[in-house]
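# A look at the structure
Here is what each chain is made of, one letter per residue.
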Amino acid sequence: MPAIFGKAPGKVILFGEHAVVYNRPAIAVPINDVNAKVTVVANPRLSPGQVNVYAPDIGLEATVGNLPENDPIAKAIQLTKEATKIKMIPACNLRITSTIPVASGLGSGAAVTVAIMRALSDFIGEPLSDSQISALTYEVEKIHHGTPSGIDNTVITFNKPVYFVKGQPVVLLKLKSTFTLVIGDTGDRSPTKVAVGDVRKAWERMPQRYESFFDQIGAIAKNAREALETGEWVRLGKLMDANHTLLQKLNVSSAKLDRLVAVARDAGALGAKLSGGGRGGNMIALVPQEAAKSVAESLREEGAAHTLVTQVGERI
Ligand code: PMV
């Protein structure tokens, strides 16, 4: 039997992180310059039903049965088995590699899960639909995130720009044209779960103040949808700046994120903001294509650990 492959892209949230947990709209796009890949190969030398997992990037080599039950990889395999209704997965080796930096807001956890489910359900001979994979990935995301909104599993599974409201059918966005983003990594790893938990505590203490922030962020996401559909890039940049200010008020930015955002603007970006859970991880800057290189250079001079220039909306 030949090897079966599955893959899934990274993602960035353009607008609406955190407020999306409180049912406001958010916008996310896939980033295909980085991805997670899974290969499944039958291995008749193993005992029946045995699945061996290799993830060299994180030094993991284990039989699934020996992983803790709430391990995200074990959970992804278990959920795939249940959804395909197979009694026993044919003995196989499952190899995971990923170029998506972990815990930095680029969706590495969700991408690994989606790639596992794609490859394994294909291998079993019962390929799961995108809607099934997205819903199952959401279940695995709960291990990483606690109370995820569902935006990561959605944008990564469908691999299209999405306008997302929790609990509502997915809206795939039609961009007027492609545009250029520079992604700058602070190099600081910050678990989304902690930032989301802190926002929740603050919201419980000051509900009116936080509801008002969430409303303002939701209004920005709505406006941004229009700007993306009409190709008003200057307007989109200003909306990113306004979104960043509100994220600062939610207390999820950091001194380094703020510095990188400011430097990007000074170097010619149309707008910039943190992206994802915040406190660390990545910021994004919307740039005229010709300014991409110099914005990326300025970010690295200011201490960004990595930069990535990406064309959003390119055919994949
Ligand atoms: O840190 P990330 O990129 O996984 O994004 C988290 C986005 C939040 O809105 C903060 C949480 C969520 O579940 O939507």
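Below is a summary of the structure that appears in this document. (Residues numbered from 1 in each chain as written. Predicted model: local features only at pLDDT ≥ 70, side-chain atom pairs only at ≥ 80, totals over all residues. Heavy atoms only, no water.)

Right, let's get into the packing of helix α5 (residues 192-205) against helix α6 (residues 207-230). Interhelical geometry of α5 versus α6 gives an angle of 125° and a closest axis separation of 5 Å. Classified by the angle between their axes, α5 and α6 sit oblique to one another. Residues Val 199, Ala 202, Trp 203, Glu 204 and Arg 205 of α5 pack against Pro 207, Tyr 210, Glu 211 and Phe 214 of α6. Taken together, the residues of the contact of α5 with α6 break down into six nonpolar, no polar and three charged. (Axes fitted to C-alpha atoms, helices over the stretch in contact; angles between N-to-C directions. Helix = DSSP H or I, 4+ residues; strand = E, 2+ residues; numbered from the N terminus. Parallel < 35°, antiparallel > 145°, perpendicular 65-115°, else oblique. Contact = heavy atoms within 4.5 Å. Nonpolar A, V, L, I, M, F, W, Y, C, P; charged D, E, K, R; others polar.)

Lining the immediate surroundings of the ligand are 16 residues, of which Lys 11, His 18, Ser 149, Thr 192 and Gly 277 lie closest. Here Thr 192 contributes a side-chain N or O atom positioned 2.7 Å from an oxygen atom of the ligand. Burial of the ligand by the protein chains amounts to 97% of its free accessible area of 380 Å². Elements supplying a minimum of two residues to the shell around the ligand: β1 (4-15), α4 (151-158) and α5. Here the shell around the ligand is composed, by residue class, of six nonpolar, seven polar and three charged. (Near = heavy atom within 4 Å. Polar contact = N/O pair within 3.5 Å; in protein donor to acceptor, adjacent residues only side chain to side chain. Areas by Shrake-Rupley, 256 points an atom, 1.4 Å probe, with all protein chains shown as cover.)

Another aspect to go through is the environment of Val 162. Here Val 162 is to be found in strand β6 (residues 162-164). Residues Val 162 and Arg 209, 47 residues apart in the sequence, show an inter-C-alpha distance of 28 Å. In this view, Val 162 contacts Ala 26, Ile 27, Ala 28, Thr 154, Val 155, Val 170, Val 171, Leu 172 and Leu 173; residues no more than four positions away in its chain are not counted.

This part takes up the sheet that holds strand β8 (residues 179-185). Pairing is antiparallel in the open sheet, where four strands are placed in the order β9-β10-β8-β11. Because the sheet does not close on itself, it has two edges, and the strands there are β9 (271-275) and β11 (306-312). For this sheet, the mean angle separating the axes of adjacent strands, direction not counted, is 25°. In this sheet, strand β10 (residues 282-287) lies alongside β9 in antiparallel orientation, the contact comprising five bridges. Across the sheet, residue Ala 272 finds its bridge partner in β10, namely Ala 285. (Pairing = 2+ DSSP bridges.)

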